[in-house]
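# Understanding the architecture of this molecule
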Amino acid sequence: MSDPVGKLPSELDQLPDRDTEETAEWAQSLDAVAKAAGTRRAEYLLRRTLHHAEAAGLALPKLLETDYVNTIPTSAEPAFPGDEEMEARITAWNRWNAAAMVTRGSKYGVGGHIATFASAAWLYETGFQHFFRGKEADGSGDQLYIQGHASPGIYARAFLDGRISEQQLDNFRQESGGNGLPSYPHPRRLPWLWEFPTVSMGLGPLSAIYQARFNRYLQNRNIKDTANSHVWAFLGDGEMDEPESTAALALASRERLDNLTFVINCNLQRLDGPVRANFRVVQELEAQFRGAGWNVIKSLWGSAWDELFQLDTTGALVRRLREVPDAQFQTYATRDVAYIRQHFFGASAELVQLAAVLSDAKIAECFHSSRGGHEPRKVYAAYKAALEHKGAPTVILAQTVKGYTLGAGFESKNANHQMKKLTIDEFKSMRDKLGLPIPDSAFADGVVPYGHPGADSPEVRYLNERRAALGGPAPARKVHHVALPAPADRSFAPLIKGSGKQEMATTMAFVRLVKDLMRDKETGKRWVPIVPDEARTFGMESLFPSAGIYSPLGQTYEPVDRDQLMYYKEAKDGQILNEGITEAGAMADFIAACTSYATHGEPMIPFYIFYSMFGWQRTADQMWQLADQLGKGFIVGATAGRTTLTGEGLQHADGHSHLIASTNPASLNYDPAFAYEIAVIVKDGLKRMYGENPEDVFYYLTVYNEPKVQPAMPEGVEEGILKGLYRFNEASSLENAPAADAPKIQLMASGTAIHWILEAQALLAADWNVAADVWSATSWGELRRDALECDEALLRGETRTPYVTRVLEGAPGPVLAVSDWMRQVPDQISQWVPQDYTSLGTDGFGLSDTREGARRHFGVDAQSIVVAALAQLARRGEVPASAVKEARERYGL
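Because the structure is predicted, anything quoted here is derived from the model rather than measured.

## Notes on the overall build of the chain
Looking only at helices and strands, the chain has 34 helices and 20 strands in total. Judged by the C-alpha coordinates and their principal axes, the chain covers about 105 × 85 × 50 Å. Out of the 893 residues belonging to the chain, those deemed buried represent 57%. Considering only intrachain contacts with a sequence separation of at least 6, the fraction spanning at least 24 residues in the chain is 78%. Accessible surface, the chain: about 36300 Å² in total, of which carbon and sulfur atoms supply 50%. Mean positive and mean negative side-chain charge positions of the chain (90 and 112 charges, respectively) differ by 2 Å.

## Considering a negative patch on the surface
Taken together, the side chains of Asp17, Asp19, Glu21, Glu22 and Glu25 define an acidic patch exposed on the protein surface. Tracing the sequence through the fold places Asp19 in the segment before α1 (20–37).

## Re the side chain of Thr400
Positionally, Thr400 belongs in the loop between β5 (394–399) and α18 (424–434). Residue Thr400 is classed as buried on the basis of its relative accessible area, which comes to 3%. Within polar-contact distance, the side chain of Thr400 engages the side chain of Asn265 at 2.5 Å. Once residues within four sequence positions are removed from consideration, Thr400 is found in contact with Ser119, Asn265, Cys266, Asn267, Arg371, Gly373 and His374.

## Remarks on the state of the cysteines
Scanning all chains against the criterion turns up zero disulfides. Left without a disulfide partner, Cys266 is nearest to the cysteine sulfur of Cys366, which lies 19 Å away. Assessed through its relative accessible area of 0%, Cys266 is described here as buried.

## Let's talk about the packing of helix α3 (residues 84–106) against helix α19 (residues 458–469)
Across the interface, α3 lies against α19 with an axial gap of 10 Å and an inter-helix angle of 100°. When the axes of α3 and α19 are compared, the pair comes out roughly perpendicular. Across the interface between the two elements, Met86, Glu87, Arg89, Ile90 and Trp93 of α3 pack against Pro458, Glu459, Tyr462 and Leu463 of α19. The class makeup of the residues in the contact of α3 with α19 is six nonpolar, no polar and three charged.

## Quick notes on the packing of α3 against α18
One way to put it is that α3 packs onto α18 with a least axis distance of 10 Å and a crossing angle of 170°. The angle between α3 and α18 places the two elements in the roughly antiparallel class. Contacts between α3 and α18 involve Ala92, Arg95, Trp96, Ala99, Ala100 and Thr103 from the first element and Phe427, Met430, Arg431 and Leu434 from the second. Its residues placed into classes, the contact of α3 with α18 shows seven nonpolar, one polar and two charged.

## Digging into the sheet that holds strand β16 (residues 726–729)
Adjacent strands of a sheet form backbone hydrogen bonds with each other and so pair up, either parallel or antiparallel. Strand order in this open sheet of five strands is β16-β18-β17-β19-β20, and the pairing throughout is mixed. The sheet is open, and its two edges are formed by β16 and β20 (837–840), each paired on a single side. Neighbour-to-neighbour, the strand axes of the sheet open up by a mean angle of 30°, direction not taken into account. In this fold helix α33 (residues 862–875) packs onto β17 (744–749), β19 (815–818) and β20, with an angle of close to 155° to the strand it touches most, β19.

## Notes on the environment of Pro376
Checked against the element boundaries, Pro376 lands in helix α17 (residues 376–388). We classify Pro376 as buried; its relative accessible area is 5%. In this structure the C-alpha to C-alpha distance between Pro376 and Leu45, which are 331 residues apart in sequence, comes to 32 Å.

## A few points about unusual backbone geometry
The step from Ala474 to Pro475 runs through a cis peptide bond, and the omega angle for that step is -5°. Considering the arrangement of structural elements, one finds Pro475 in the loop between α19 and α20 (493–496). Even without glycine at this site, Asn769 takes up a positive phi of about 55°. Structurally, Asn769 can be placed in the loop between α29 (753–768) and β18 (771–776).

What counts and what doesn't
Residues numbered from 1 in each chain as written. Predicted model: local features only at pLDDT ≥ 70, side-chain atom pairs only at ≥ 80, totals over all residues. Heavy atoms only, no water. Helix = DSSP H or I, 4+ residues; strand = E, 2+ residues; numbered from the N terminus. Buried < 20%, exposed > 50% of the residue type's maximum accessible area, 1.4 Å probe, protein only. Contact = heavy atoms within 4.5 Å. Areas by Shrake-Rupley, 256 points an atom, 1.4 Å probe, with all protein chains shown as cover. Lys, Arg positive; Asp, Glu negative; His and termini not counted. Charge placed at Lys NZ, Arg CZ, Asp CG, Glu CD. Patch = residues over 30% accessible without salt bridge, like charges linked within 9 Å, V, L, I, M, F, W, Y side chains within 5 Å. Salt bridge = Lys/Arg side-chain N within 4 Å of Asp/Glu carboxyl O. Polar contact = N/O pair within 3.5 Å; in protein donor to acceptor, adjacent residues only side chain to side chain. Disulfide = S-S within 2.5 Å. Axes fitted to C-alpha atoms, helices over the stretch in contact; angles between N-to-C directions. Parallel < 35°, antiparallel > 145°, perpendicular 65-115°, else oblique. Nonpolar A, V, L, I, M, F, W, Y, C, P; charged D, E, K, R; others polar. Pairing = 2+ DSSP bridges.

Below you can see the structure in the form of structure tokens.
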């Protein structure tokens with residue numbers, strides 16, 4: 001060992017050895033142990049030495065994987081503070097009602113999941129009884145990210161404490177009648193109970209990390225004392241395959257988020273089968289989390305295993321556990337003792353000898369049911385250790401049996417995720433196993449009954465007493481509305497009056513507006529600028545020295561640009577969240593900030609700015625999560641449109657984000673053309689989201705990096721800006737206006753396309769004697785939303801005219817709509833436009849070119865618009881057909 005043959009070079013070879021003789025003695029000692037006691041003993045001593053070194057604080061690389069045993073040995077478990085028998089009865093009732101609810105609903109074909117909560121029941125119950133702080137205590141309480149498929153168990157608990165009725169249990173997944181329960185944690189559907197949507201797998205763990213981080217952000221900025229708030233995220237081992245599940249592990253460790261605990265229910269099964277059929281998911285997760293800097297606690301084996309480990313004097317049992325793959329261990333949980341003796345213990349002589357002194361009952365208990373996640377004492381020990389660990393987040397890897405207590409037909413079966421009901425006989429067997437006082441006569445007409453010990457029963461009194469001691473019911477969502485005062489008009493004035501002769505991109509106009517709003521004495525501190533490492537692209541570097549970039553460590557270095565006016569300034573109380581290259585992380589930040597009004601009773605005003613292509617396309621699932629969580633804030637798609645981002649090419653050219661955004665009912669989508677439109681929209685957004693009567697909506701604004709002269713706001717256009725359409729100017733306002741009897745057409749555009757139709761308006765007048773009025777369509781989506789509401793009203797017998805129909809009524813000529821988006825975006829309103837309607841857009845893939853070249857390619861430049869307008873008029877017989885051919889030739893199309 002001291003001089004192994006073929007030894008690979010090591011980083012140690014680069015370090016001088018000041019005492020080669022001492023080093024050789026250590027190596028010789030290890031060789032001697034290996035020779036005298038075997039390599040396994042040598043390995044054991046090395047591991048113990050490394051553990052000791054780590055505990056002593058020596059600067060050594062950490063072991064990424066430990067033995068497949070509990071982190072906290074039985075001898076080190078703290079005393080359990082509760083009434084274990086009482087808590088077992090409470091858990092039994094909740095197990096029963098969760099299974100009954102899903103089974104009763106299965107006759108309606110609405111589905112549901114039974115096995116997940118069955119495996120995780122003690123993971124939740126121990127937390128509810130002893131750890132999870134409610135919202136009626138000081139502070140904000142804890143934040144609970146409940147695993148979506150476990151929702152029946154949470155409903156069952158709310159039924160036991162009186163917050164949910166039996167009728168509601170019977171309406172699980174049947175919400176349209178108004179008294180049902182949503183399938184999963186959906187705050188928008190059940191806003192008094194659920195806080196965080198989690199069932200889109202992977203988003204829960206990602207959001208939990210950024211929620212814990214945002215708690216620290218509020219604390220460090222002296223907005224809310226969140227020192228006593230802890231974030232608990234309950235996850236499945238299969239869920240950890242989602243890239244979002246582990247995307248921010250390093251962030252949590254880097255920022256020392258010891259206010260965060262992941263609880264991963266390792267039942268070794270995902271939806272179709274074993275999580276790591278040929279491997280061990282627990283060991284893989286341990287290495288992944290330890291490598292990322294997390295504190296890892298494994299709670300794998302129940303107390304029945306204590307005897308086995310005490311008999312394992314050679315380490316054979318631990319080695320065998322380390323080598324058996326998940327799929328095989330799942331098989332052990334379903335097979336008889338003879339099979340286990342042969343296939344597990346038969347692997348070595350040491351194990352055969354160990355098994356010889358074990359009864360069949362002991363082996364069956366260990367392999368069929370005894371898991372760390374099924375014993376409240378072991379769960380309590382793990383949770384307590386997690387809260388006491390400082391300086392890093394903790395992950396608890398708790399092993400369970402999926403479908404535990406549901407009977408042999410469910411437990412550890414590959415198909416149990418798809419199994420939605422138990423038979424009456426299976427329920428009776430479950431009743432006997434749980435010891436519940438439910439008589440056979442209660443199963444009338446083959447319907448499984450719900451069970452409740454009574455509102456004044458010892459179980460319910462105990463449950464309520466425990467929750468009162470911890471700060472009230474949980475989970476729970478409470479909103480104490482705090483209306484924010486409207487910012488002073490002076491912040492909006494520069495955009496309202498225009499830029500004079502100076503050119504300014506709408507991206508810069510938005511940033512300038514927010515910068516002014518952040519100076520507001522009343523609400524300035526509540527703005528949360530969020531950007532994924534592109535702040536300079538969007539002209540936000542001026543915010544660096546004034547607002548600061550948030551870092552819990554402050555700035556521990558001297559920035560390279562310290563002598564410049566807009567240097568890179570990090571601060572512990574920094575206001576900007578500059579997330580690095582992670583749109584998913586920035587979006588998780590945004591969600592935490594958007595929902596602070598409910599989570600912490602502190603309304604914040606976040607704006608998240610990004611390349612528009614990498615918002616809705618890349619993180620649209622999180623946008624739905626935001627809507628479900630009733631978030632409020634401004635999403636800003638910068639460098640928007642398919643032709644404004646010159647040179648970047650196909651994957652950077654956004655022509656469809658407004659189409660995706662239109663699918664989200666909570667998103668109010670605007671594509672402003674001018675700076676003053678941005679001012680009006682933002683001012684209205686602040687009122688609608690943070691005023692006296694707040695709405696559960698958020699705003700999506702697209703802005704452009706194309707410098708243009710910004711006009712002053714015309715009079716009387718505010719309503720049109722907010723509703724989505726107003727006439728910007730008429731043909732008669734042109735210096736060389738067409739004759740009164742000239743052919744007429746209405747040109748409408750959103751965003752940067754307004755400049756193309758303004759140029760086209762002038763060409764139509766000067767070259768073709770066509771009178772074109774120009775309309776600014778600030779929101780195709782809001783026009784459509786209004787029209788759809790009018791259609792719905794008609795079904796109720798109410799007659800309402802859509803705004804777009806009303807405002808265009810009587811406008812002469814056809815309508816030609818143009819945008820930097822694919823044609824489906826403006827075509828959203830086509831059926832409610834009273835005139836002949838056609839559109840131009842940027843359908844197809846983007847490409848690298850100049851703005852002018854790209855617009856000519858897509859046929860949306862001013863000259864192409866003129867040809868399209870003439871073609872529309874020619875079809876109506878209002879200009880000669882030859883004019884279209886002549887225009888194409890004149891403009892070189």
